[in-house]
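# Descriptive structure summary
One-letter residues, chain by chain:
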Amino acid sequence: MAVSSAPGKVYLFGEHAVVYGEPAVPCAIERRARVGVEQRADSKLRVHAEDLSLDGFTVEYGGSTDDRPDVDVSESLISAAMGYVDEAIAQVRDVTDEDEVGFDVTIESDIPLGAGLGSSAAVVVAAIDAAARELGVSLEADEIAERAYRTEHEVQDGQASRADTFCSATGGAVRVEGDDCRSIEAPDLPIVIGFDGGAGDTGQLVAGVRDLREEYGFAADTVEAIGDIVRRGEEALADGDLEELGRLMNFNHGLLSALGVSSRSLDTMVWAARDADAYGAKLTGAGGGGCIVALDPTPETETALSFTPGCEDAFRAELAEAGVKRLE
Ligand SMILES: Nc1ncnc2c1ncn2[C@@H]1O[C@H](COP(=O)(O)OP(=O)(O)OP(=O)(O)O)[C@@H](O)[C@H]1O
Ligand SMILES: C[C@@](O)(CCO)CC(=O)[O-]
Ligand SMILES: [Mg+2]
């Protein structure tokens, strides 16, 4: 049995625009997915996803869609559980040349699903590392990031950037622009997260921005303007200038909102954070529902969020220095 963990992330700047080649700056946070992988005697894949539904459930099948199990959960939940893990395992079979190998996979995660904190990337990165090690292959972080990117790209219908997967594999703060992925220095940031209890559909939200961008020149300009914000944000990050970072995050949120990926509850949480004198606040990840990220060294924002209707959970997040970790 091999067990690996990988962190989730928040976007300081640049989600969505990064899909069109603009830069983005995500930061790994200390909320992790742990994936245990044990080789089976047959070629089946069995996934136990502890946190995927309220009850958790187990899916076992032979690996083809016609061979789906007869379990008491909806087909969409099964696809949700299987999609990323299935493809991650396919990547490991490919990289190790072990086409017929089967696994028992167990997933436990502190990262809310579909909420903008990169749960999919964390699960995929940890699964790839653990499955490869279970077969005696130790992959470098760059190779894990590459294989995890291919997984997200496949599952998200060809619409994924390298940002989430590179960030989860390497940890820390990163900068991603097209194929260029690098780690960057970041000061200790006072990150506060508000979670509305909901989720957004990454594929649908990305497709919505793509359509707007094709229809309206000003939507394409908005995507480019987000790239300009990111470049200014990198300077503010290097200077440790929290006030400027906050202003730019506010601006970035406004443009994401214009692109149609915010929601009432995300906007409400963003305003609650601003009213509490956070330096700035924005949605993080694909949007549609899920999480906002704010910068505030005082307890005010966390307290204000915890009293905000529509905010289900408010918590502080530490930057995760480490990306993928080998636990067993
Ligand atoms: N604990 C888990 N167990 C099994 N699968 C998981 C788990 N967490 C996430 N996943 C997979 O990731 C999917 C959610 O990925 P999605 O990209 O929509 O959201 P996210 O990664 O949380 O947010 P974002 O991409 O906006 O940062 C789930 O539908 C599921 O397939
Ligand atoms: C919306 C998006 O930019 C971030 C999702 O966390 C999609 C991607 O980069 O693949
Ligand atoms: Mg994701």
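Note that the structure is a prediction, hence the values are computed from the model and not measured.

## Here we look at the site of ligand 2
Near ligand 2 there are 13 residues, and of these Lys 9, His 16, Ala 160, Ser 161 and Asp 164 occur at the shortest range. At 3.1 Å, a side-chain N or O of Lys 9 approaches an oxygen atom of ligand 2. For ligand 2, an oxygen atom lies 2.5 Å from a polar atom in the side chain of Ser 161. When grouped by side-chain class, the residues that make up the shell around ligand 2 number six nonpolar, four polar and three charged. Counting contributing residues, the shell around ligand 2 receives three or more from each of domain 1 (2-184) and domain 2 (191-317).

## Examining the domain arrangement of the protein chain
Under the domain assignment used here, the protein chain contains domain 1 (2-184) and domain 2 (191-317). The C-alpha-based centres of domain 1 and domain 2 are spaced at 24 Å. At the junction of the two partners, domain 1 supplies 28 residues and domain 2 supplies 41 residues. Summing both partners gives a buried area of about 2,700 Å² for domain 1 against domain 2, and 68% of it is carried by carbon and sulfur. Of all residues in domain 1, Phe 13, His 16 and Tyr 20 bury the most surface against domain 2, accounting for 27% of the area lost on that side.

## Some words on the nonpolar core
Generally speaking, a soluble globular protein has its nonpolar side chains buried in company with each other. Phe 103, Val 105, Leu 189 and Ile 193 are the most contacted members of the largest nonpolar core, which totals 97 residues. Of all the elements, helix α2 (residues 119-134) adds the most residues to this core, at ten residues. Split by domain, this core shows at least three residues from each of two domains, domain 1 (2-184) and domain 2 (191-317).

## Brief notes about the UniProt feature "binding site: ATP" (unreviewed entry) in the protein chain
As annotated in UniProt, the feature "binding site: ATP" (unreviewed entry) corresponds to Pro 112, Leu 113, Gly 114, Ala 115, Gly 116, Leu 117, Gly 118, Ser 119, Ser 120, Ala 121 and Ala 122 in the numbering used here. Those residues in contact with Ala 121, other than ones at most four positions away along the chain, are Glu 152, Asp 164, Thr 165 and Ser 168. Relative to the assigned elements, Ala 122 resides in helix α2. Residue classification places Ala 122 among the buried positions, given a relative accessible area of 0%. Dropping the residues within four chain positions of it, Ala 122 is found in contact with Ala 6, Pro 7, Gly 8, Ala 33, Ile 111 and Ser 168.

## Some details on the UniProt feature "domain: GHMP kinase N-terminal" (unreviewed entry) in the protein chain
In the numbering used here, UniProt assigns the feature "domain: GHMP kinase N-terminal" (unreviewed entry) to residues 84-172. Overall, residues 84-172 shows 58% helix and 8% strand. The separation of its end C-alpha atoms is 23 Å.

## Focus on the environment of Gly 288
Of note, Gly 288 is situated in the loop between β9 (280-283) and β10 (291-295). For the pair formed by Gly 288 and Leu 266, sequence separation is 22 residues and the distance between their alpha carbons is 7.9 Å. Setting aside its immediate chain neighbours within four residues, Gly 288 contacts Ala 199, Leu 205, Val 261, Ser 262, Ser 263 and Leu 266.

What counts and what doesn't
Residues numbered from 1 in each chain as written. Chains lettered and ligands numbered in written order. Predicted model: local features only at pLDDT ≥ 70, side-chain atom pairs only at ≥ 80, totals over all residues. Heavy atoms only, no water. Near = heavy atom within 4 Å. Polar contact = N/O pair within 3.5 Å; in protein donor to acceptor, adjacent residues only side chain to side chain. Nonpolar A, V, L, I, M, F, W, Y, C, P; charged D, E, K, R; others polar. Domains from an automatic or database assignment. Contact = heavy atoms within 4.5 Å. Buried area = accessible area lost by both parts, 1.4 Å probe. Core = buried A, V, L, I, M, F, W, Y, C linked by side-chain atoms within 4.5 Å. Buried < 20%, exposed > 50% of the residue type's maximum accessible area, 1.4 Å probe, protein only. Helix = DSSP H or I, 4+ residues; strand = E, 2+ residues; numbered from the N terminus. UniProt positions renumbered as here; feature names shortened; annotations may be inferred.

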